[in-house]
Amino acid sequence: AQKITQTQPGMFVQEKEAVTLDCTYDTSDPSYGLFWYKQPSSGEMIFLIYQGSYDQQNATEGRYSLNFQKARKSANLVISASQLGDSAMYFCAMREARFSGGYNKLIFGAGTRLAVHP
Amino acid sequence: DSGVTQTPKHLITATGQRVTLRCSPRSGDLSVYWYQQSLDQGLQFLIQYYNGEERAKGNILERFSAQQFPDLHSELNLSSLELGDSALYFCASSVESGGGGVEETQYFGPGTRLLVL
């Protein structure tokens, strides 16, 4: 069963506008962490933001915020005031507290390619 | 710059050959993870080492092996290479305090792009 689902293969946004990238997840573990990474065309994976399953508030890091809806099992990334440099692939990932055969590993979604237009 | 280094950046080799990818984790990080990113499989976890010992295995082929040395750098060895092994191989590291907390962020290196011809 797919653990992380990113339903938007590609998204477009106008510079300076806000954009939301969707992520839904599936786990039976009460303790888990959700991460977003950015992968520019150069290929590196850049950590953006983290949300813990027990966190009461939505995570924020500068222009990035996470819209965490636990009951819906969604962890959408919101990028405010988009910049041209935000054009990249964005991956949602989950880490479960216990996972047979892969303790501590990150499980990634398929990614969303974001294009920011001037 | 994440602080994780990987060499080489690019590698071109032929089928049947063997290559070694190297990773140096961030200073102070005890855990090293290897991931493979391919067009058809996406990002997949291969293996984790913690302070020199294998901690967890994912979808790692028997032709692949890894180790972590006393100075904490890690090497991923890929042998009997096939066309399908062409991918971007990432190393990531985290502090890994021992409790395996879900909050511990993994920081990725720039990756090694492997092309098997």
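Please refer to the structure placed before this passage.
Residues numbered from 1 in each chain as written. Chains lettered and ligands numbered in written order. Predicted model: local features only at pLDDT ≥ 70, side-chain atom pairs only at ≥ 80, totals over all residues. Heavy atoms only, no water.

1. Re the overall build of chain B
And then number 1: Across its full length, chain B holds 0 helices and 11 strands.
And then number 2: N-terminal to C-terminal, the α/β element order of chain B is β-β-β-β-β-β-β-β-β-β-β.
And then number 3: Compactness check: chain B gives a C-alpha radius of gyration of 14 Å against a globular reference of 13 Å for 117 residues, within 12% of the reference.
And then number 4: With the principal axes as the frame, chain B shows a C-alpha extent of 40 × 25 × 25 Å.
And then number 5: Taking all 117 residues of chain B together, the buried fraction comes to 51%.
And then number 6: Sequence-distant contacts, at least 24 apart, represent 57% of the contacts inside chain B between residues at least 6 apart.
And then number 7: Summed over its atoms, the accessible surface of chain B is roughly 5,400 Å², and 48% of this surface lies on carbon and sulfur atoms.
And then number 8: With 8 positive and 13 negative side-chain charges, chain B shows a separation of 5 Å between the mean positions of the two kinds. (Helix = DSSP H or I, 4+ residues; strand = E, 2+ residues; numbered from the N terminus. Rg over C-alpha atoms; globule rule 2.2 N^0.38 Å. Buried < 20%, exposed > 50% of the residue type's maximum accessible area, 1.4 Å probe, protein only. Contact = heavy atoms within 4.5 Å. Areas by Shrake-Rupley, 256 points an atom, 1.4 Å probe, with all protein chains shown as cover. Lys, Arg positive; Asp, Glu negative; His and termini not counted. Charge placed at Lys NZ, Arg CZ, Asp CG, Glu CD.)

2. Some words on the environment of Leu21 of chain B
Residues and elements named next belong to chain B.
And then number 1: As for its position among the elements, Leu21 is in strand β3 (residues 19-24).
And then number 2: Leu21 sits 11 residues away from His10 along the chain, and the two C-alpha atoms are 10.0 Å apart.
And then number 3: Leaving out residues up to four positions away in the same chain, Leu21 has contacts with Thr7, Pro8, Leu11, Trp34, Ser74, Glu75, Leu76, Leu78, Tyr89 and Thr112.

3. Regarding the pairing of strand β11 (residues 112-116) of chain B
Residue and element names in this part refer to chain B.
And then number 1: The alternating pattern of β11 places Thr112, Leu114 and Val116 on a buried face and Arg113 and Leu115 on a face that is not buried.
And then number 2: For strand β2 (residues 10-13) and β11, the ladder comprises 4 bridges, and the chain directions are parallel. Residue Leu11 lies in a different strand from β11, and its bridge partner there is Leu114.
And then number 3: Of the pairings in the sheet, the one linking strand β9 (residues 87-94) to β11 comprises 3 bridges and is antiparallel in character. The residue bridging Leu88 from the neighbouring strand is Arg113, located in β11. (Pairing = 2+ DSSP bridges.)

4. Here's the deal with the interface of chain A and chain B
And then number 1: At the junction of the two partners, chain A supplies 22 residues and chain B supplies 26 residues.
And then number 2: Taken over both partners, the interface formed by chain A and chain B buries close to 1,800 Å², and the fraction arising from carbon and sulfur atoms is 55%.
And then number 3: Inspection of the chain A/chain B interface yields 0 salt bridges.
And then number 4: For the pair chain A and chain B, the number of links is 4 residue pairs in polar contact (both at pLDDT 80 or more).
And then number 5: For the side of chain A that touches chain B, the secondary structure elements donating two or more residues are β5 (32-39), β6 (46-52) and β10 (88-96) of chain A.
And then number 6: Ranked by the residues each element gives to the side of chain A that touches chain B, the list is headed by β5 of chain A, at 5 residues.
And then number 7: Considering only residue class, the side of chain A that touches chain B consists of 11 nonpolar, 7 polar and 4 charged. (Buried area = accessible area lost by both parts, 1.4 Å probe. Salt bridge = Lys/Arg side-chain N within 4 Å of Asp/Glu carboxyl O. Polar contact = N/O pair within 3.5 Å; in protein donor to acceptor, adjacent residues only side chain to side chain. Nonpolar A, V, L, I, M, F, W, Y, C, P; charged D, E, K, R; others polar.)

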